[in-house]
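Here is what each chain is made of, one letter per residue.
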Amino acid sequence: MSGTLYLVGTPIGNLGDFSPRAVETLAAVDFIAAEDTRVTLRLLNHFEIKKPMLSYYEHNKRARGGEILRRLEAGENCALVSDAGMPSISDPGEDMAALCAMHGIPVTVVPGPCAAITALTLSALPAGRFCFEGFLSTAKKSRREHLAALVGEERTMIFYEAPHKLRATLADLRVQFGDDRAIVLARELTKLHEQVQRMTLAEANKYYEENNPRGEYVLLLAGSPPAVKEPAAGDMEQARALVTGYMEQGIPRVEAVKRAAKEAGVPRAELYKATL
Ligand code: SAM
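Here's what I pulled together on the structure shown here.

Reading the values: the criteria
Residues numbered from 1 in each chain as written. Predicted model: local features only at pLDDT ≥ 70, side-chain atom pairs only at ≥ 80, totals over all residues. Heavy atoms only, no water. Helix = DSSP H or I, 4+ residues; strand = E, 2+ residues; numbered from the N terminus. Rg over C-alpha atoms; globule rule 2.2 N^0.38 Å. Contact = heavy atoms within 4.5 Å. Areas by Shrake-Rupley, 256 points an atom, 1.4 Å probe, with all protein chains shown as cover. Lys, Arg positive; Asp, Glu negative; His and termini not counted. Charge placed at Lys NZ, Arg CZ, Asp CG, Glu CD. 1 Å grid on protein atoms, 1.4 Å probe; cavity = no way out; pocket = protein on both sides within 12 Å on 5 of 7 lines; lining within 4 Å. Points joined across faces, edges and corners; volume = space filled by probe spheres on them. Nonpolar A, V, L, I, M, F, W, Y, C, P; charged D, E, K, R; others polar. Domains from an automatic or database assignment. Near = heavy atom within 4 Å. Polar contact = N/O pair within 3.5 Å; in protein donor to acceptor, adjacent residues only side chain to side chain.

**With respect to the overall build of the chain**
Summing up its helical and strand segments, the chain has 11 helices and 10 strands in all. The C-alpha atoms of the chain give a radius of gyration of 26 Å, which is well past the 19 Å a tight globule of 276 residues would have. Taking the principal axes of its C-alpha atoms as reference, the chain extends roughly 80 × 55 × 35 Å. If you take every contact in the chain between residues at least 6 apart in sequence, the share linking residues at least 24 apart comes to 67%. On the chain, roughly 15000 Å² of surface is accessible, and the fraction owed to carbon and sulfur atoms is 53%. A distance of 2 Å separates the average location of the 33 positive side-chain charges in the chain from that of its 35 negative side-chain charges.

Right under this line is the structure:
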């Protein structure tokens, strides 16, 4: 019987966020695949776990993926962790999960903190619909294309950024989305110096021209206001017919317009004018 791959979330700054189930899982598996074994060793030492590790990161994931797969097929259980947060989210993990899924190896998850979701929760921006955009490319062209594709995006957009690239990113966001768009900078989440800055893009650019970016950042950009839909000529015709029908039933014009505008999805004031 084959073993199981456990995708285990690790703290993004506060070791108190490591769940008892995560500790049990790391203690129970046969080996751990870690993005950086030195970083994970500190976590293991803190929780007094001794476990064989191998490194699994962006540049060895092909070869290592095959090796891990063979061990899972032979019946060993493996926990996969990244340096911080959830595996697969701008971190190694998705390829290993896909490889296991392809070969019928059971995959399960021990969820932990994720900087994107932690920041969104704290941001006070609309969280009902959002999109995760990860890191912007460092290559100018694909970076510009990425941002251009987001013009008109109505959902809250979440980006990861390294401190030394923050100024350039804020400048590019301002060019693409304008001075007045709201941005939230969530810094050092769950750590001693956790900070949330709610600003416009113009204010954020000015602030970071005068202050050095420090620590880890998640950027949350407010979505664009919903586009006002021009009612099609047909919709207005349909709405007028509805008004006529309601008024013939004895319903007063104001109420008839209100109902018809809602049903046909046209602006009430415009419909009222059109029926006079
Ligand atoms: N897999 C991780 C997760 O689930 O959040 C993300 C890993 S990604 C390589 C690292 C980026 O996540 C950082 O550059 C930063 O943008 C964000 N990040 C991680 N920890 C953070 C923290 N404590 N506060 C703010 N941002 C953080």
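So that's the structure; there's more coming.
**Points about the layout of surface pockets**
A volume near 850 Å³ is recorded for the largest pocket. Those elements giving two or more residues to the lining of the largest pocket turn out to be α2 (37–46), β7 (156–161), β8 (182–187) and β10 (217–221). When residues in the lining of the largest pocket are grouped by element, the largest group, five residues, is from α2. Across the lining of the largest pocket, the residue classes tally to 20 nonpolar, nine polar and 10 charged. In this structure, the lining of the largest pocket is formed jointly by two domains, domain 1 (5–113) and domain 2 (116–221), each of which donates at least three residues.

**Remarks on the site of the ligand**
The ligand sits among 19 residues. The nearest are Met-86, Ile-89, Ala-115, Tyr-160 and Tyr-217. The backbone of Met-86 places a nitrogen or oxygen atom 2.8 Å from an oxygen atom of the ligand. Here a nitrogen atom of the ligand and a side-chain polar atom of Asp-91 are 2.8 Å apart. Expressed as a share of its isolated accessible area of 580 Å², the protein-covered part of the ligand is 91%.

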